[in-house]
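Descriptive structure summary
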Amino acid sequence: MNTDSVEPLRIACVGDSTTFGFGLENRREEAYPSVLQTLAGDAARVRNYGYSGATAARDGNEPYWQTTAFGDATRYQPELVILLLGVNDAQHANRHTLDRFEADYRDLVAHFHGLVSKPAVLVGLPAPAFGPEDALDLRTLDEFIRPTVEQIAAETREVSIDFYTPLADRPDRFPDGVHPDAAGTRRLAETAYEALVAGGHLPAAA
């Protein structure tokens, strides 16, 4: 990216309820894409295409592929996509889709790469989750979903953003065990911003 350009970078934040901002008192200001917009300032136009419950797998109980957010993100023709999905794929209800997760996730990356705008795609390692275990298979999330996402990023040479490590030891930031509070989403936004600056997509703050 030419950081001297007067045109702001079009960023699409694609994801599930963590991206959407579920559970926040004021998600329009506190969801991580909104905070990322504040951090980026005039250098970017960040849009939130999170959809609560969304899965990367096409056969999941709420496939991102079939959501209005997917169509809206596509029409936006972003220049950069932050892809943050996978937690809902680890639900017990979606166990039958795990054998398709990797292929469908790769297809999502390919879909956005195929847009006319030819965006960069940054693959997000899912943030921590701490339960409830009757709905979410935490072992699958930790031992299959995250490693698979990391492998996809490495093999497709995509930049990965580690949304896991900054909050891995902060269960207090997840009131319901899954969705981060405002302080947690701010940390996610800061993590994304740091990755974008390090990658040369956004200028460093003065």
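What you are looking at is a predicted structure, and each value in this text was computed from that prediction instead of being measured.

This part is about the side chain of Asn88. Along the chain, Asn88 falls in the loop between β3 (80-84) and α5 (98-113). Among the residues examined, Asn88 registers a relative accessible area of 9% and is labelled buried. Within the structure, Asn88 has its side chain in polar contact with the side chain of Gln91 (distance 2.9 Å). Setting aside anything within four residues of it in sequence, one finds Asn88 in contact with Asp16, Gly53, Ala54, Thr55 and Asn94.

Our next topic: the pattern of salt bridges. Scanning the model with the defined rule gives 15 salt bridges in all. Measuring nitrogen to oxygen at the nearest pair gives 2.5 Å for the salt bridge that ties Glu155 to Arg106. Of the two residues, Glu155 is situated in helix α6 (residues 138-155) and Arg106 in helix α5; the sequence distance between them amounts to 49 residues. Residue Arg106 is classed as partly exposed on the basis of its relative accessible area of 24%. Sharing partners across several salt bridges, the network here consists of Arg58, Arg100, Asp104 and Asp107.

Turning next to the sheet that holds strand β2 (residues 44-50). The strand order across the open sheet formed by five strands is β2-β1-β3-β4-β5, and the pairing between neighbours is parallel. Both edges of this open sheet fall to β2 and β5 (159-162), since each of them pairs with a single strand only. In this sheet, neighbouring strand axes are inclined to one another by 20° on average, regardless of whether the strands run parallel or antiparallel. Two strands pair when backbone bridges link them, and strand β4 (residues 120-125) and β5 are joined in this way by four bridges, in the parallel orientation. Looking across to β5, one finds that Leu122 is bridged to Val159. Seen against the sheet, helix α3 (residues 32-40) touches β1 (9-15), β2 and β3 and runs at an angle of roughly 175° to β2.

When you line up the elements, Thr156 lands in the loop between α6 and β5. Residue class for Thr156 comes out partly exposed when judged on its relative accessible area of 29%. Sequence separation between Thr156 and Asp99 is 57 residues; the distance between their C-alpha atoms is 19 Å.

Remark: helix α4 (residues 68-76) packs on α5, axes separated minimally by 10 Å, with the N-to-C direction vectors making an angle of 35°. Side by side, α4 and α5 meet where Phe70, Ala73 and Thr74 of the first sit next to Leu108, His111 and Phe112 of the second. Its residues placed into classes, the contact of α4 with α5 shows four nonpolar, two polar and no charged.

For β4, the tally of buried residues reaches five of six residues, placing the bulk of the element in the interior. In this fold, β3 hands off to α5, which returns the chain to β4; that crossover is right-handed. Note on the crossover from β4 through α6 to β5: the handedness is right-handed.

Let us now look at the nonpolar core. Judged by nonpolar contacts, the single largest core of 35 residues is most densely connected at Tyr64, Leu85, Tyr105, Leu108, Phe112 and Leu136. Taken together, the elements giving at least two residues each to this core come down to β1, α4, β3, α5, β4 and α6. Setting aside residues up to four positions removed in sequence, Leu85 forms contacts with Gly15, Asp16, Ala54, Ala56, Tyr64, Tyr105, Leu108 and Pro126. Counting 26 residues, the second-largest nonpolar core is a separate cluster that includes Leu36, Ala44, Val46 and Leu122.

Moving on: the packing of α3 against helix α7 (residues 182-198). Where α3 contacts α7, the axes come no closer than 8 Å and their chain directions differ by 50°. Here α7 runs oblique to α3, going by the angle between their axes. Handedness of the α3/α7 crossing: right-handed. Across from Tyr32, Val35, Leu36, Leu39 and Ala40 in α3, the residues of α7 making contact are Thr185, Arg186, Leu188, Ala189, Glu190, Ala192, Tyr193 and Leu196. Its residues placed into classes, the contact of α3 with α7 shows ten nonpolar, one polar and two charged.

Residues spaced three or four apart along an α-helix point in a common direction, a consequence of the helix completing one turn every 3.6 residues. Compared with the 26 Å implied by 1.5 Å per residue over 18 residues, the 25 Å span of α6 between its first and last C-alpha is a close match. Residue Ile145 marks the point of greatest curvature in α6, where the axis turns by about 25°; the proline Pro147 follows within four residues. Looking at α6, one finds that the buried residues are Leu138, Thr140, Leu141, Ile145, Arg146, Thr148, Val149, Ile152 and Ala153. As for α6, its buried residues are in contact with α5, β4 and β5. The N-capping residue of α6, defined by a side-chain oxygen 3.2 Å from the backbone nitrogen of Arg139, is Asp137. Where α6 ends, the next residue or the one after it, Arg157, has phi of about 60°, a positive value.

Definitions and cut-offs
Residues numbered from 1 in each chain as written. Predicted model: local features only at pLDDT ≥ 70, side-chain atom pairs only at ≥ 80, totals over all residues. Heavy atoms only, no water. Helix = DSSP H or I, 4+ residues; strand = E, 2+ residues; numbered from the N terminus. Buried < 20%, exposed > 50% of the residue type's maximum accessible area, 1.4 Å probe, protein only. Polar contact = N/O pair within 3.5 Å; in protein donor to acceptor, adjacent residues only side chain to side chain. Contact = heavy atoms within 4.5 Å. Salt bridge = Lys/Arg side-chain N within 4 Å of Asp/Glu carboxyl O. Pairing = 2+ DSSP bridges. Axes fitted to C-alpha atoms, helices over the stretch in contact; angles between N-to-C directions. Nonpolar A, V, L, I, M, F, W, Y, C, P; charged D, E, K, R; others polar. Right-handed = clockwise from strand over helix to strand, strands pointing away. Core = buried A, V, L, I, M, F, W, Y, C linked by side-chain atoms within 4.5 Å. Parallel < 35°, antiparallel > 145°, perpendicular 65-115°, else oblique. Left-handed = near helix turned anticlockwise from the far one by under 90°. Expected span 1.5 Å × (residues − 1). Bend = angle between axes of the 7 residues up to and from the residue.

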